[in-house]
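Remarks on the overall topology
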Amino acid sequence: MRQPTTFGSADPIGATGPVPVPMMRVRSASAPAPGRPVNEDLVFRFGPLVGVLDGATVPDGFDTGCVHGPEWYVRHLAARIGVAEAVRPAARLTSNLAAAILAVRADHGGQCDLDHPGTPSSTVCLLRDCGDQVDYLVLCDSPLVLDTGGQVSVVTDNRLDTAMAELRETVAAVPGGGADPVTRFRHAVSVQRERMNRTHGYWVAAADPDAAFHAVTGTLPRHGPAAVRRAALLSDGASSAVEQFGLTDWAGLLDLLSTDGPGGLIDQVRAAERDHPDRLRRHKPTDDASVVFCEFE
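Sequence order as written defines residue numbering, which begins from 1 separately in each chain. Where local features are concerned, this predicted model is filtered to residues with pLDDT of at least 70; where side-chain atom pairs are given and counted, the filter is 80 or more; whole-chain, interface and lining totals use all residues. As a rule here, side-chain values come from all non-hydrogen atoms in the structure, and water together with hydrogens is ignored.

1. Some words on the pairing of strand 8 (residues 133–139)
- Categorising residues by exposure relies on relative accessible area from a 1.4 Å probe, with only protein chains included: less than 20% of the type maximum marks a residue as buried, more than 50% marks it as exposed, and the intermediate range marks it as partly exposed. Only DSSP runs of H or I covering at least 4 residues are called helices, and only runs of E covering at least 2 are called strands; the numbering of each starts at the N terminus. Here strand 8 lies mainly inside the structure; six of its seven residues are buried.
- At least two bridges found by DSSP between two strands is the condition for calling them paired. Bridge count between strand 7 (residues 122–129) and strand 8: six bridges; the pairing is antiparallel. Residue Leu126 lies in a different strand from strand 8, and its bridge partner there is Leu137.
- Count of turn residues in the strand 7/strand 8 antiparallel hairpin: three residues, of which Gly131 carries a positive phi of about 95°.
- Direction of pairing for strand 8 relative to strand 11 (residues 216–221): antiparallel, over a ladder of six bridges. Counterpart to Asp135 in the pairing with strand 11 is Thr219.

Put into structure tokens, the structure is as follows:
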């Protein structure tokens, strides 16, 4: 688990004494699924920018057209986001994410078929403290939970869920599909890949920089009655505490993070995965889990 860190703007010291410095306190944790040697999630911080990436696991027996895997992709994407932010700190998050995706294309070194429907991909959840406001970006199913003015809300990109619901209906309509679960699953994955980064499908960071401009974005005030107080960036392995296991609601999740920290939330998810496997909505019994928790003064 990363140690808590702080970030403050460099306000000048006036004649009457120091000006209060607005702070963003950050705590984070990321853990691979039990029994798995690699973590396809990644949490990061570059100054005022924090993020969570969740690489898409490749099902056994499926080709990707790439010599690299999800772990490689999320590491390179995070690094390229950091470079883009360093070069253009005032640019929109969508523009810097697009630049990062384009740069990762070059990182493949011409070894891979980047038009393959199974090319490595990742969700993206970003939050940037700009001093007087906070910018955010959510792409695919890594939600952002916000406490603004004492009201808790969640920013989600539901297009993957919508595509998956339609996918289940499509697969169910295949004649004889129910007799062979393996064939049924392979057909489902193939159809899902066809809908990635397509209109009327869903969008995710992969090889097409245009996906960045389909993200859910917004801006929040840092001051005043509606100011952001707390924020949690989650991979779906961590948001399952609310969405799958019903351990708490979104407000309770923020309270849990305030008291027990990101590691405490992941511990509760692991216990729920062991005790309530019937509540899982994904094909994996456990998943990588990642949290970035921000508190604003």
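2. Section: unusual backbone geometry
- Not every positive phi belongs to a glycine, and Cys140 is a case in point at roughly 70°.
- Counting through the fold element by element, Cys140 comes out in the loop between strand 8 and strand 9 (144–148).
- You can call Cys140 buried: its relative accessible area is 4%.
- Not every positive phi belongs to a glycine, and His200 is a case in point at roughly 70°.
- You can see His200 is positioned in the loop between helix 4 (181–195) and strand 11.
- Note on His200: relative accessible area 76%, which makes it exposed.

3. What to know about the packing of aromatic side chains
- For Phe, Tyr and Trp, where Trp contributes only its six-membered ring, two rings pair if their centres lie within 6.5 Å, and the inter-plane angle classes them as stacked under 30 degrees, edge-to-face over 60, or tilted in between. Under the criterion given, the structure shown has one aromatic pair.
- Plain terms: the ring middles of Phe44 and Phe46 are 5.3 Å apart, the flat faces sit at 40° to each other, and that makes the pair tilted.
- Given a relative accessible area of 5%, Phe44 falls into the buried group.
- Look at Phe46 and you get partly exposed, because its relative accessible area is 32%.

4. Regarding the packing of helix 5 (residues 236–243) against helix 6 (residues 250–275)
- Contact pair helix 5 / helix 6: the axes reach a minimum separation of 11 Å and the direction vectors enclose 130°. If you check the angle between helix 5 and helix 6, you find them oblique. Once helix 5 is placed against helix 6, the crossing between them reads as right-handed. In this structure, helix 5 contributes Gly237, Ala238, Ser239, Ser240, Ala241, Val242 and Glu243 to the contact, and helix 6 contributes Trp250, Leu253, Leu265 and Val269. Lines fitted to the C-alpha atoms define the axes, with helices restricted to the stretch that makes contact. Angles between their N-to-C directions range from 0 to 180 degrees. Relative orientations are named as follows: roughly parallel for angles under 35 degrees, roughly antiparallel for angles over 145 degrees, roughly perpendicular for angles from 65 to 115 degrees, and oblique for any other angle. Crossing handedness follows the turn of the near helix against the far one: under a right angle anticlockwise gives a left-handed crossing, and clockwise gives a right-handed one. Note on contacts: a residue pair is in contact if any heavy atoms of the two residues lie within 4.5 Å.

5. Here's the deal with the environment of Asp54
- In this structure, Asp54 sits in strand 6 (residues 49–55).
- A residue is classified by how much of its surface remains accessible, and Asp54, at 8% relative accessible area, is buried.
- In this structure, the C-alpha to C-alpha distance between Asp54 and Asp236, residues 182 residues apart in sequence, is 8.0 Å.
- Those residues in contact with Asp54, other than ones at most four positions away along the chain, are Glu40, Asp41, Val74, Ser121, Ser122, Thr123, Ser142, Ser235 and Asp236.

6. Concerning the pattern of salt bridges
- Salt bridges are counted wherever a side-chain nitrogen of Lys or Arg sits within 4 Å of a carboxyl oxygen of Asp or Glu. Counted according to the given criterion, the structure contains 11 salt bridges.
- In this structure, Glu40 engages Arg36 in a salt bridge whose closest nitrogen and oxygen atoms are separated by 3.2 Å.
- Overall, the relative accessible area of 34% leaves Arg36 in the partly exposed class.
- Taking the shortest distance from any N to any O, the salt bridge between Arg80 and Asp107 comes out at 2.6 Å. Of this pair, Arg80 sits in helix 1 (residues 70–87) while Asp107 sits in helix 2 (residues 93–107), and the two are 27 residues apart along the sequence.

7. A look at helix 1
- What a helix is expected to span follows from its residue count: subtract one and scale by 1.5 Å. Helix length check: helix 1 (18 residues) gives 26 Å between terminal C-alpha atoms against 26 Å at 1.5 Å per residue, within 8%.
- Residues Pro70, Trp72, Tyr73, Val74, Leu77, Ala78, Ile81, Gly82, Ala84 and Glu85 constitute the buried set of helix 1.
- Taken together, the buried residues of helix 1 touch strand 5 (41–46), strand 6, helix 2 and strand 7.

8. Looking at the nonpolar core
- With 25 residues, the main nonpolar core has Leu77, Leu97 and Val124 as its most contacted residues.
- In this view, Leu77 contacts Leu53, Leu97, Ala100, Ile101, Val104, Ser122, Val124 and Ala205; residues no more than four positions away in its chain are not counted.
- Residues Met24, Cys125, Val228 and Cys294 belong to the second largest nonpolar core, which totals 20 residues. The criterion is simple. A nonpolar core is a set of buried Ala, Val, Leu, Ile, Met, Phe, Trp, Tyr and Cys residues joined through side-chain atoms within 4.5 Å.

9. Section: the environment of Ala99
- Within the secondary structure layout, Ala99 lies in helix 2.
- For Ala99, a relative accessible area of 33% corresponds to the partly exposed category.
- Sequence-wise, Ala99 and Ile81 are 18 residues apart; in three dimensions their C-alpha atoms are separated by 7.8 Å.

10. Details of the sheet that holds strand 11
- Taking strand neighbours across the sheet as the criterion, the five strands line up as 5-6-7-8-11 in an open arrangement whose pairing is antiparallel. Two strands close off the open sheet at either side, each with one partner strand: strand 5 and strand 11. On average, adjacent strands in this sheet sit at an angle of 10° to one another, irrespective of strand direction.
- Examined bridge by bridge, strand 5 and strand 6 share six bridges and lie antiparallel to one another. For Leu42, the partnering residue across the bridge sits in strand 6 and is Leu53.
- Sheet strands in contact with helix 2 are strand 6, strand 7, strand 8 and strand 11, and its direction is about 45° off that of strand 8.

Purely geometric numbers; function is a separate question.
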